[in-house]
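# Analysis of the macromolecular model
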Amino acid sequence: MNSKRVRSALLSLTLCFAATFLPAAGAEDASGPTTLSVWCLAGVQTEMYQKWKALYEAEHPDVMINITSHESQAIQDVMTSALASGAEDLDLTFYWGGAAIDTWARDGLLLDLTEITKENGWYDKKNVGARIYETDALGNFYFTTDWVTVPHYFYRTDTFENVGVVPPESMDELFTLAAKLKSGGYEAWSAGVLTRWPIGGIFNDILARVMPTAQFEQFLNWERDPNRSQATAEVFRHPAAVEAWGYIKRLIDAEVFVKGANAMDDGAARTLFVDGTSAIYNSGSWTPGIFVNEAPDLEYDYFNLPPINGNVSIPAGYNGLIIPSYIDETKLPVIIDFLNSSFGKEYARVVYEMGAIPDNTEVSAADFSEIVHPIVRRIIADVRAHGDVGIIDALQSPPHRQGYYDTIASVFEGNISPAQAAERMYQTAVDSLE
């Protein structure tokens, strides 16, 4: 048997015992305060964890939480080695749910939270996020904290009014709308192609509409399937995948996106939208919180991409935390207490302020109607009305994700056709089997 897996199993038993019998968080310890080192993403997520830190430390003066921020690419680059070596100062870290976590779990690098989850009733306190990331024959290694939806198509209401256009109700209207905006002296749509995920979100959105549900689920969760094979990888070159890449190519060829989009990151794209150069900008449910700080006077609204085949899809993903298997057992009760505290109303308030939605059944947007942005409340209503779907790039391991993003870049550069884009995703999947 894999020695790492044995180590993980034994450690899980030890830590579950520790969680039951060690002193509760906040107890005095002659060795001094307990220090937790937490990694998270730079930006609004760092702000969220800094506020959680302040809330928890105020109630537990014998605990100190150190927050380290990483850009998204950086945290992907260092996470495997950090978990494997145990050399980093790391007790609790953000990561996207999905295949990378499955891989680390199989290698014995993560703490199995299954029994801890049961003991603390976490599944009953959450919506559906936690259960999505249970791993077949392994367990649960992911504590979901909040969920986000992406993409949403934000538009400047003042610009639309100036040009005399309204949000599109069909894909053909989207192209007509873009042409009118450009004739009116505006760029139609700014998208941070260099950042990749904004276009990935559009592709995901389209694919979820044109691909049959069973195949879409297979496409989405292919890397998590323990029985994945070259045969099951055929889903990546399914005719619906070619069709979805074709829609992206149509948008590019019609010059719907701002000139130079392929060399533009998400921040630059948002700046063009805020300063009025472009009329449309796609991002996620966290964006209204950013606009409150960056552009409080901005006049904007959002629409969902016009239905294709009569469907509306709202791709969604869950953010969360993982615990390294090497965790110091004396810290585990503090970590569990910290995670339990995250269900409190003040912690949920912070999540809403960030523009995300707590994975928490004990609170709702109505509890914080004075601080939850009206657009965020509408997004929640949209999800309730239409349902949501998983996010492809949040459920792939870094090598597969990079192949996906390279494909996006090549489509924008005009180097490959929609059929070749689908073929490239298929080949990336096959290569990952070796």
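The structure reproduced in this document is the subject of the present report. These figures come from a predicted structure and were not determined experimentally.

Cut-offs used in this document
- Residues numbered from 1 in each chain as written.
- Predicted model: local features only at pLDDT ≥ 70, side-chain atom pairs only at ≥ 80, totals over all residues.
- Heavy atoms only, no water.
- Helix = DSSP H or I, 4+ residues; strand = E, 2+ residues; numbered from the N terminus.
- Rg over C-alpha atoms; globule rule 2.2 N^0.38 Å.
- Buried < 20%, exposed > 50% of the residue type's maximum accessible area, 1.4 Å probe, protein only.
- Contact = heavy atoms within 4.5 Å.
- Areas by Shrake-Rupley, 256 points an atom, 1.4 Å probe, with all protein chains shown as cover.
- Lys, Arg positive; Asp, Glu negative; His and termini not counted.
- Charge placed at Lys NZ, Arg CZ, Asp CG, Glu CD.
- Pairing = 2+ DSSP bridges.
- Axes fitted to C-alpha atoms, helices over the stretch in contact; angles between N-to-C directions.
- Parallel < 35°, antiparallel > 145°, perpendicular 65-115°, else oblique.
- Salt bridge = Lys/Arg side-chain N within 4 Å of Asp/Glu carboxyl O.
- 1 Å grid on protein atoms, 1.4 Å probe; cavity = no way out; pocket = protein on both sides within 12 Å on 5 of 7 lines; lining within 4 Å.
- Points joined across faces, edges and corners; volume = space filled by probe spheres on them.
- Nonpolar A, V, L, I, M, F, W, Y, C, P; charged D, E, K, R; others polar.

### Looking at the overall build of the chain
- Assigned secondary structure in the chain consists of 19 helices and twelve strands.
- Taken over C-alpha atoms, the radius of gyration comes to 22 Å for the chain, in line with the 22 Å a tight globule of 434 residues would show.
- Projected onto the principal axes, the alpha-carbon positions of the chain cover approximately 70 × 50 × 35 Å.
- When the 434 residues of the chain are sorted by exposure, 56% land in the buried category.
- The contacts in the chain between residues at least 6 apart in sequence include a share of 79% that link residues at least 24 apart.
- Working note: accessible area of the chain is about 17,600 Å², and carbon and sulfur atoms make up 50% of it.
- Here the chain carries 30 positive and 58 negative side-chain charges, and the mean point of each set is 3 Å from the other.

### Focus: the pairing of strand β6 (residues 143-149)
- The element β6 is extensively covered by neighbouring structure, given that seven of its seven residues are classed as buried.
- Summarising the sheet, β6 and strand β11 (residues 316-322) pair through six bridges and their orientation is antiparallel. Within β11, the residue paired with phenylalanine 143 across the bridge is leucine 321.
- Sheet analysis places β6 next to strand β12 (residues 357-358), joined by two bridges and oriented antiparallel. Across the sheet, aspartate 146 pairs through a bridge with proline 358, a residue of β12.

### Thoughts on the packing of helix α10 (residues 197-210) against helix α11 (residues 213-220)
- Across the interface, α10 lies against α11 with an axial gap of 9 Å and an inter-helix angle of 150 degrees. When the axes of α10 and α11 are compared, the pair comes out roughly antiparallel. Residue-level inspection shows Phe203, Asn204, Leu207 and Ala208 of α10 in contact with α11, the latter providing Phe216, Phe219 and Leu220.

### Structural notes on the pattern of salt bridges
- Evaluated as defined, the whole model comprises 19 salt bridges.
- Between aspartate 91 and lysine 331 there is a salt bridge, with the nearest N and O atoms lying 3.0 Å from each other. Residue aspartate 91 is found in the loop between α3 (72-85) and β3 (92-94), and its partner lysine 331 is found in the loop between β11 and α15 (332-341); the two are separated by 240 residues along the sequence. Pair check on accessibility: aspartate 91 and lysine 331 agree, each one buried.
- Arginine 224 is the partner of aspartate 102 in a salt bridge, and the nearest nitrogen-oxygen pair spans 3.0 Å. A residue pair is termed long-range when its members are at least 10 positions apart, and aspartate 102 in helix α4 (residues 99-106) and arginine 224 in the loop between α11 and α12 (239-253) qualify at 122 residues.

### Concerning the sheet that holds β11
- In spatial order, the strands read β2-β1-β3-β11-β6-β12; together these six strands make up an open sheet with mixed pairing. Edge positions in the sheet fall to β2 (63-70) and β12, since each has one partner strand and no second.
- Bridge analysis of strand β1 (residues 34-41) against β3 gives two bridges, and the strand direction is parallel. Counterpart to valine 38 in the pairing with β3 is leucine 92.

### Remarks on the sheet that holds strand β7 (residues 152-156)
- The four strands are arranged β8-β9-β7-β10 in an open sheet whose pairing can be described as mixed. Two strands in the sheet have a free side with no partner beyond their single neighbour: β8 (187-190) and β10 (300-303). Strand-to-strand twist of the sheet, defined as the mean angle between neighbouring strand axes without regard to direction, takes the value 25 degrees.
- Looking at chain direction, β7 and β10 are connected through four bridges and run antiparallel. Within β10, the position partnered with phenylalanine 154 by the bridge is tyrosine 302.
- Here helix α13 (residues 266-274) sits on the sheet in contact with β7, β8, β9 (278-283) and β10, set at roughly 140 degrees to β9.
- Relative to the sheet, helix α17 (residues 374-386) contacts β7 and β10, its axis offset from that of β10 by approximately 10 degrees.

### Remarks on empty space enclosed by the protein
- Across all of its chains, the model carries two cavities of 30 Å³ or more by this definition.
- Together, 13 residues line the largest cavity, and Trp52, Thr145, Ser342, Asp359 and Asn360 are the ones closest to its centre.
- Elements with a contribution of two residues or more to the lining of the largest cavity: β6 and α16 (345-354).
- Of the residues in the lining of the largest cavity, the class split is seven nonpolar, four polar and two charged.
- Looking at the second largest cavity, its volume works out to about 40 Å³.
- Tallied by class, the residues present in the lining of the second largest cavity amount to six nonpolar, three polar and one charged.

### Notes on the layout of surface pockets
- Here the largest pocket defines a volume of roughly 1,000 Å³.
- Lining of the largest pocket is provided by 36 residues; of these, Leu41, Ser72, Trp96, Trp197 and Trp286 occupy positions nearest its centre.
- At the level of secondary structure, the elements contributing two or more residues to the lining of the largest pocket comprise α2 (44-59), α3, α10, α13, β11 and α18 (398-412).
- Here the lining of the largest pocket is composed, by residue class, of 18 nonpolar, twelve polar and six charged.
- In this structure, the second largest pocket occupies an estimated 370 Å³ of space.
- Taken together, 20 residues line the second largest pocket, and the ones lying closest to its centre are Glu217, Leu220, Asp388, Val389 and Gly390.
- Secondary-structure elements contributing two or more residues to the lining of the second largest pocket are α11 and β11.
- Here the lining of the second largest pocket gets four residues from one element, more than from any other, and that element is α11.
- Its residues assigned to classes, the lining of the second largest pocket comprises 13 nonpolar, five polar and two charged.

Keep in mind that these numbers describe shape and distance, not what the molecule does.
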